[in-house]
Amino acid sequence: LPYFLSHAQITTQYRPDGHVEIGEGVGGFLGGVDPGDRFSRDHDQAGDINGDGILDLVVGARSDDDGATDAGAVYILFLNNDGTVQSNQKISMLEGGFMETLNPGNFFGYGVAGIGDYDNDGIPDIAVSAPAPPNNSLYIIHLNADGTVKDYVKNQDIIANGLTAIGDLNNDGRIDLVTCNHRSNDGGTNRGAISLTFLDGNSQVIPQSTVTISSTQGGFGTGLSDGDEFGGREAAMLGDIDGDGTKELAVGAFKSDGGKGAVWILSLDTINFQVSSKIKITEGLNGFTDTLTLGSNPNGSTGANFGHSMCAPGDLNGDGIPDLITGANQQNEGWAYILFLNADRTVKTYSKINNTDGGFDLQFDPEERFSRSISFIGDLRGDGTLAVNIGGGATGIGTLYLLFFNPCDFFLEPGNNFHTQGNTLFTNWNHGTQTVTGPLTFEQCASKVFETEAKFMTFNPMDGRCICKDSTAFLAVSTEQSFAYSNMCYDGLIVSVPVELHSFSATNLDCSKTDLTWSTASELNNKHFILERSFDAKDWAPIATIAGRGTTSKEVLYTYEDKLFKHHSAKVYYRLKQVDFNESSSLSRVVALDLDCSDPKVSIVPNPIENMASITGIEEINDLVIYNIAGVALSFAFDKDRNEIDLSGFSQGIYLASMRMKNGEVKVLKLIKQ
């Protein structure tokens, strides 16, 4: 790679794109939650339960008093695609058809997880833990489409203060779980433990298949101390991030290092799922350089509690490596961290989300404990944005903060340049003394662009200087190896369309054509679309006019194949101009497409894929792994004799095919499953 690319200069970043608060009487949620119910201490994406095409949530309220004090409850939240709550269904001893007797202090809902359709009735199901003895159990709850309980299976003698769905680890067609017992005394007092938990077709835990990982079991070995509370509240399956064939699992130990906390990334053996290797991430170790607090907290705990919760959001900086979102919920008001990872599992860099950082304009109470729970939702809006749920509200009833992240390109001007004049919105560079105060990485500088809504960014990988300027700045040649970028999400590049545009995407089919697809949820007086193309996101040219449907309330799908471009640019940009019958018009958001034509020998066709696809240039490939958008490696059928892959078992969406070439290079192709 060129030098600047080796320093994390990836052009696609995820910018903050608003947030929704969900709490009692807020964000459309009216659940009758009382103070002390501890709503949102755990939550997860539960799939589309009611069949409306929108993902839903399961949220725990472990101290709800239905039937007995602190017996616990969970809520199914049926969402709108803007993140607000359409309706909800409570499940407790008194509601939702859950015919179970819970004990006082049972804490049903301490851990929750979406597990897919376990009973094969077409409706997603959930896992819920009630960790307090003597009724410490794991419940697999089969749901009706209205969120009530169809039936359930009770797995006894399981302590799960944290619960995480980790995909199908053992390839049996069922989603597996991590149960977290952070106060396990295995190997020492409160050292903690997790269990990889596999269930059969009857939703019953298979004890002989359970893999416990602790100081004394599962191949973990040394590293944990008394009081570390390894396991935390959640784990996160990262997939095979280092390309060695083993999957990586992130697990917190939020009381380690005197309460500062840590995250362990474990590589799991492909056969027995025991730990084959591990690294620890905490202050000053393996690339994480932020300072974590150490001291007494108002709730009696100590330290920042880094690693208390986490989720795997996929690749957020475009380098092909899954990243990790975790938090330190006792660090001031509670800080969330995005850890951008290297392939060797260390931290490349990080960014923060809190009252002042991240660009979400959040305003927390001093004891909010933001990031005490985290879960990944995915593309809730259906427009390519990613949604992540982060829990807080410790001083009140409990609050969910649903954050949207939107992919955004940074256009790199060729050569060494910088932006001069104009208004400076952020800088860590003192031109007079020629010094940098607090050097930043590319991702951290991009975050400052988003926070200040800057149009232009100057970044120097040699010294970490970051300068964000408004639209009045102009370009100049740099003699100090700086690079100049334009924020492609600035101002007019993303504009609302009168027609309700549902999606807009571009796929490079080969090096001579692009497949463009967009859909509308409804149209009003839509005469036509003008499809425009640019190679620099500045000069635009119309390439096609596609007739609209006038006025319709039905979803309409449009496609166009751009066969005309032959260009040596590394990127191509497209946008839609929607024109009404009165000739008024407006622009869509810009979609950018990398033109990776450096190795025409290797391709997967057709793409988009219905079921089967062929691989050309297979003789150049050592191995092939397909990941979903969360970075989890998936199982698929591969006919090596015919050079074909079978994705018929995959749901519609975007996937990444990672191919390790015989020359040592890694080639990543985006696949679209229809």
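Residues numbered from 1 in each chain as written. Predicted model: local features only at pLDDT ≥ 70, side-chain atom pairs only at ≥ 80, totals over all residues. Heavy atoms only, no water.

Draft legend 1. Representation of the overall build of the protein in the model. When you go through the protein residue by residue, the secondary structure sums to two helices and 47 strands. Relative to a compact globule of 674 residues, whose C-alpha radius of gyration would be 26 Å, the protein shows 25 Å and is just as compact. A burial count over the protein gives 56% of its 674 residues as buried. For the protein, the exposed surface amounts to about 26,200 Å²; the carbon and sulfur share of it is 48%. Considering the protein, the positive charge centre built from 46 side chains and the negative charge centre built from 86 side chains are found 4 Å apart. (Helix = DSSP H or I, 4+ residues; strand = E, 2+ residues; numbered from the N terminus. Rg over C-alpha atoms; globule rule 2.2 N^0.38 Å. Buried < 20%, exposed > 50% of the residue type's maximum accessible area, 1.4 Å probe, protein only. Areas by Shrake-Rupley, 256 points an atom, 1.4 Å probe, with all protein chains shown as cover. Lys, Arg positive; Asp, Glu negative; His and termini not counted. Charge placed at Lys NZ, Arg CZ, Asp CG, Glu CD.)

Draft legend 2. Local environment of the sheet that holds strand β44 (residues 637-639). Here we have four strands laid out as an open sheet, ordered β40-β41-β45-β44, and antiparallel in their pairing. Strand pairing shows two members of the sheet lacking a second neighbour, β40 (603-605) and β44, which therefore form its edges. Within this sheet the neighbouring strands show an average axis-to-axis angle of 25°, counted without direction. For β44 and strand β45 (residues 644-646), the ladder comprises three bridges, and the chain directions are antiparallel. Paired with F638 across the bridge in β45 is I645. (Pairing = 2+ DSSP bridges. Axes fitted to C-alpha atoms, helices over the stretch in contact; angles between N-to-C directions.)

Draft legend 3. Local environment of helix α2 (residues 442-452). Where burial is concerned, most of α2 is hidden: nine out of the eleven residues are buried. For α2, the complete set of buried residues consists of F442, E443, Q444, C445, A446, S447, K448, V449 and F450. Immediately beyond the C-terminal end of α2, within one or two residues, lies E453, with a positive phi of roughly 55°.

Draft legend 4. Quick peek at the packing of aromatic side chains. Counted by the stated rule, this structure contains 32 aromatic pairs. With a centroid separation of 5.5 Å and 80° between ring planes, the pair formed by F98 and Y139 is classed as edge-to-face. Here F98 is found in the loop between β5 (85-91) and β6 (111-116), whereas its partner Y139 is found in strand β8 (residues 137-143), with 41 residues between them in sequence. Residue F98 is classed as buried on the basis of its relative accessible area of 1%. Summarising the aromatic geometry, the rings of F288 and Y337 are spaced 5.3 Å apart at their centres and angled 80° between planes, so their arrangement reads as edge-to-face. Taken as a pair, F288 in the loop between β17 (275-281) and β18 (306-314) and Y337 in strand β20 (residues 335-341) lie far apart in primary sequence, 49 residues in all. Given the relative accessible area of 0%, Y337 is considered buried. Taking the ring centre of Y110 as reference, the NZ or CZ of R62 above it sits at 4.1 Å. Above the face of the F220 ring, K278 is positioned so that its terminal group lies 4.9 Å from the ring centre. (Phe/Tyr/Trp six-rings, centres within 6.5 Å; stacked < 30°, edge-to-face > 60°. Lys NZ or Arg CZ within 6 Å of the ring centre and 35° of its normal.)

Draft legend 5. Highlighting the state of the cysteines. Following the criterion strictly, the structure yields two disulfides and no others. In this model, C408 is linked to C489 through a disulfide, with the two sulfur atoms separated by 2.2 Å. Residue C408 is found in strand β24 (residues 399-412), and its partner C489 is found in the loop between β32 (483-487) and β33 (500-510); the two are separated by 81 residues along the sequence. For the residue pair C408 and C489, the accessibility class agrees, reading buried in each case. Across a sulfur-sulfur distance of 2.0 Å, C445 and C466 are joined as a disulfide pair. Looking down the S-S bond of the C445 and C466 bridge, the torsion is 85°, so its handedness is right-handed. Within this pair, whereas C445 is found in helix α2, its partner C466 is found in strand β30 (residues 465-469), the two being separated by 21 residues in sequence. (Disulfide = S-S within 2.5 Å.)

Draft legend 6. Region of the structure containing the pattern of salt bridges. Tallying each qualifying case throughout the model produces 24 salt bridges. K348 serves as the salt-bridge partner of D319, at 2.5 Å between the closest nitrogen and oxygen. Here K348 lies in strand β21 (residues 347-353) and D319 lies in the loop between β18 and β19 (323-328), a separation of 29 residues in the sequence. Relative accessible area serves as the criterion here: at 25%, K348 is assigned to the partly exposed category. Ionic contacts of the salt-bridge type, sharing partners, join the residues R15, D17 and R381 into one network. (Salt bridge = Lys/Arg side-chain N within 4 Å of Asp/Glu carboxyl O.)

Draft legend 7. The arrangement of the environment of F442 in detail. Inspection of the secondary structure puts F442 in helix α2. A residue is classified by how much of its surface remains accessible, and F442, at 0% relative accessible area, is buried. The spatial distance from the C-alpha of F442 to the C-alpha of C466 is 8.3 Å, given a sequence separation of 24 residues.

Draft legend 8. Geometry of the side chain of K469. Note on placement: K469 falls in strand β30. The side chain of K469 is buried and forms no salt bridge, while D470, the nearest opposite charge, is found at 7.1 Å. Of the polar contacts made by the side chain of K469, one reaches the side chain of T424; its length is 2.7 Å. With sequence-adjacent residues up to four places away left out, K469 is seen in contact with H419, T420, Q421, G422, N423, T424, L425, A454, K455 and F456. (Polar contact = N/O pair within 3.5 Å; in protein donor to acceptor, adjacent residues only side chain to side chain. Contact = heavy atoms within 4.5 Å.)

Draft legend 9. Molecular detail of the environment of V20. Mapping V20 onto the fold places it in strand β1 (residues 12-22). Taking relative accessible area as the criterion, V20 reaches 14% and is therefore assigned buried. Once the C-alpha coordinates of V20 and N643 are considered, the two residues, 623 residues apart in sequence, prove to be 46 Å apart.

Draft legend 10. Summary view of the sheet that holds β21. Reading across the sheet, the four strands line up as β18-β19-β20-β21 and stay open at both edges, with antiparallel pairing between neighbours. One side of each edge strand has no neighbouring strand; the edge strands of this open sheet are β18 and β21. Ignoring strand direction, the axes of neighbouring strands in this sheet form an average angle of 25°. Bridging between β18 and β19 involves four bridges; their strand directions are antiparallel. Bridge pairing in β19 links G314 to D323.

Draft legend 11. Broad picture of empty space enclosed by the protein. Per the stated rule, a full pass over the model turns up one cavity of 30 Å³ or more. Space inside the largest cavity adds up to approximately 160 Å³. Contributing elements (two or more residues each) for the lining of the largest cavity: β1, β20, β21 and α2. Broken down by element, the lining of the largest cavity gets its largest block of residues, four residues, from α2. Among the residues forming the lining of the largest cavity, the class breakdown is ten nonpolar, four polar and two charged. (1 Å grid on protein atoms, 1.4 Å probe; cavity = no way out; pocket = protein on both sides within 12 Å on 5 of 7 lines; lining within 4 Å. Points joined across faces, edges and corners; volume = space filled by probe spheres on them. Nonpolar A, V, L, I, M, F, W, Y, C, P; charged D, E, K, R; others polar.)

Draft legend 12. Region of the structure containing the side chain of D228. Within the secondary structure layout, D228 lies in the loop between β13 (211-213) and β14 (230-239). Of the side chains bearing the opposite charge, K280 lies closest to the buried D228, which forms no salt bridge; the N-O distance is 5.5 Å. In this view, D228 contacts N190, R191, G223, A253, F254, K255, S256 and D257; residues no more than four positions away in its chain are not counted.

Draft legend 13. Inspection of unusual backbone geometry at higher detail. With an omega of -5°, the peptide bond running from V605 to P606 counts as cis. Its place among the elements puts P606 in the loop between β40 and β41 (612-616). With omega at 15°, the peptide bond leading from N607 into P608 counts as cis. Here P608 is to be found in the loop between β40 and β41. The backbone of N305 shows a phi angle near 60°, a positive value even though the residue is not glycine. As for its position among the elements, N305 is in the loop between β17 and β18. Phi angles above zero are rare outside glycine, and R345 is one such case at about 85°. Here R345 lies in the loop between β20 and β21. Using a relative accessible area of 10% as the deciding quantity, one classes R345 as buried.

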